[in-house]
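Here is what each chain is made of, one letter per residue.
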Amino acid sequence: MPRIIRVGTTMSKEKILEAYEEMADSYDAKIDHKPHNAYYDRPNTLKLITDPKGKSILDAACGPGKYAEILIAQGALITGFDMSPRMVELAKRRNKGAGDFFVHDLSEPLTALKDATYDTVLCALALHYIEDWNATMREFCRVLKPGGHLVISIEHPFFEYNYWKSTRYFDVEPENCTWKGFDKPIEVHNFRRPLEACIMPIVSNGFYIDSIIEPKPVEEYKLADPENYKKLMEFPAFMCIRAIRKPN
Ligand SMILES: C[S@@+](CC[C@H](N)C(=O)[O-])C[C@H]1O[C@@H](n2cnc3c(N)ncnc32)[C@H](O)[C@@H]1O
């Protein structure tokens, strides 16, 4: 199993929260058209949520509620949570009373939610903030109905390995970088991990994997940012996975 390098985990979580509280308003203002989200992550991840009409969907680490907005418009019933209180406020504001949003940390048990409640759990671009996915996957499995779908998008482990110029592929390593795409530079901490540490926590905690997308950007990306469009057409930065909760 991959070795987890434990370096100031609590500190790291506090820093992630601080970073998202700080960038929440700017993130919300940009999320509709930010190329990596609007023209890369969302169109690919949403392909894995077929027929959301009438489905109960848990949006884990919902951010400012953009996924929720799209899925509510398609007739889904959304519950969403995020560690950042400001993100939760923005998700409520964006969705104007539709959906149910609360503050919660993905790495803690989902005690407010009953067993076998949701048809789908969505977790987009947030699992890289969690050091060990096992407890999170167990909770996702518990709150999903048997046969329910887990849909996640994550940073592609091969992209991350190259990006961070790591020499310790097999480890889960804390990393931090400065994001410059928001109003001011913001330092963001996350964990890089090998492919095994992306797949095994899913299949060891009540799921089998049904589908994987190594996404390509959609055409709108090319207009918005031709240089990065070219790079993403050559090598994936994200990976989208759908897993099915096994019957009891
Ligand atoms: C890149 S944003 C993605 C937001 C949303 N899922 C989307 O794709 O639009 C990552 C989100 O994860 C949240 N987050 C980070 N660590 C978390 C944790 N431990 N528990 C809950 N939310 C967390 C952040 O506050 C932020 O809103």
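Residues numbered from 1 in each chain as written. Predicted model: local features only at pLDDT ≥ 70, side-chain atom pairs only at ≥ 80, totals over all residues. Heavy atoms only, no water.

**Student:** Got a sec to walk through the overall build of the protein? Specific residues and values, please.
**Tutor:** A tally of regular secondary structure across the protein gives nine helices and 10 strands. The C-alpha radius of gyration computed for the protein amounts to 17 Å, which stays within 12% of the reference 18 Å derived for 248 residues, consistent with globular compactness. Its C-alpha atoms put the protein at 40 × 40 × 35 Å along the principal axes. The buried share of the protein, taken over its 248 residues, is 51%. Long-range contacts, defined as pairs at least 24 residues apart, comprise 70% of the intrachain contacts of the protein with a sequence gap of at least 6. (Helix = DSSP H or I, 4+ residues; strand = E, 2+ residues; numbered from the N terminus. Rg over C-alpha atoms; globule rule 2.2 N^0.38 Å. Buried < 20%, exposed > 50% of the residue type's maximum accessible area, 1.4 Å probe, protein only. Contact = heavy atoms within 4.5 Å.)

**Student:** Could you give an account of the pattern of salt bridges, with specific residues and numbers?
**Tutor:** One side chain can pair with another of opposite charge once the charged atoms of both are near each other. For the structure shown, the criterion picks out 19 salt bridges. Ionic pairing is found between arginine 94 and aspartate 28, a salt bridge with its closest N-O pair at 2.9 Å. Of this pair, arginine 94 sits in helix H4 (residues 85-95) while aspartate 28 is found in helix H1 (residues 9-30), placing the two residues 66 residues apart along the sequence. Residues joined by salt bridges that share partners form a network here, namely Asp28, Asp32, Lys66, Glu69, Arg93 and Arg94. (Salt bridge = Lys/Arg side-chain N within 4 Å of Asp/Glu carboxyl O.)

**Student:** Which residues make up the pairing of strand E4 (residues 100-103), and what values do they have?
**Tutor:** Pairing of strand E3 (residues 77-82) with E4 involves four bridges; the strand directions are parallel. Of the residues in E4, the one forming a bridge with glycine 80 is phenylalanine 101. (Pairing = 2+ DSSP bridges.)

**Student:** Quick rundown of the packing of helix H2 (residues 35-46) against helix H3 (residues 66-73)? Include the residues and the values.
**Tutor:** Geometry of a packed helix pair, given as the angle between the helix axes and the separation of the axes. Interhelical geometry of H2 versus H3 gives an angle of 40° and a closest axis separation of 12 Å. Taken together, H2 and H3 sit at an angle that is classed as oblique. Seen along the crossing, H2 lies across H3 with a hand that is right-handed. Across the interface between the two elements, Asp41, Arg42, Thr45 and Leu46 of H2 pack against Lys66, Tyr67, Ile70 and Leu71 of H3. Among the residues forming the contact of H2 with H3, the class breakdown is four nonpolar, one polar and three charged. (Axes fitted to C-alpha atoms, helices over the stretch in contact; angles between N-to-C directions. Parallel < 35°, antiparallel > 145°, perpendicular 65-115°, else oblique. Left-handed = near helix turned anticlockwise from the far one by under 90°. Nonpolar A, V, L, I, M, F, W, Y, C, P; charged D, E, K, R; others polar.)

**Student:** An account of the nonpolar core is requested, with residue identities and associated values reported.
**Tutor:** By size, the foremost hydrophobic cluster in this structure holds 42 residues, and its most contacted members are Leu106, Phe140, Leu150 and Ile152. Setting aside its immediate chain neighbours within four residues, phenylalanine 140 contacts Ala60, Leu106, Leu110, Val121, Cys123, Leu150 and Phe207. (Core = buried A, V, L, I, M, F, W, Y, C linked by side-chain atoms within 4.5 Å.)

**Student:** Lay out the pairing of strand E7 (residues 171-179) with the relevant residues and their values.
**Tutor:** Looking along a regular strand, one sees side chains alternate from face to face of the sheet. The pairing of E7 with strand E8 (residues 186-192) spans seven bridges and is classified as antiparallel. Note that in E8 the partner of proline 174 across the bridge is phenylalanine 191. Count of turn residues in the E7/E8 antiparallel hairpin: six residues.

**Student:** So, the environment of glutamate 234: which residues are in play, and what are the values?
**Tutor:** Following the sequence through the fold, glutamate 234 ends up in helix H9 (residues 226-234). Residue classification places glutamate 234 among the exposed residues on the basis of a relative accessible area of 56%. For glutamate 234 and cysteine 62, which are 172 residues apart along the polypeptide, the C-alpha to C-alpha distance reads 29 Å.

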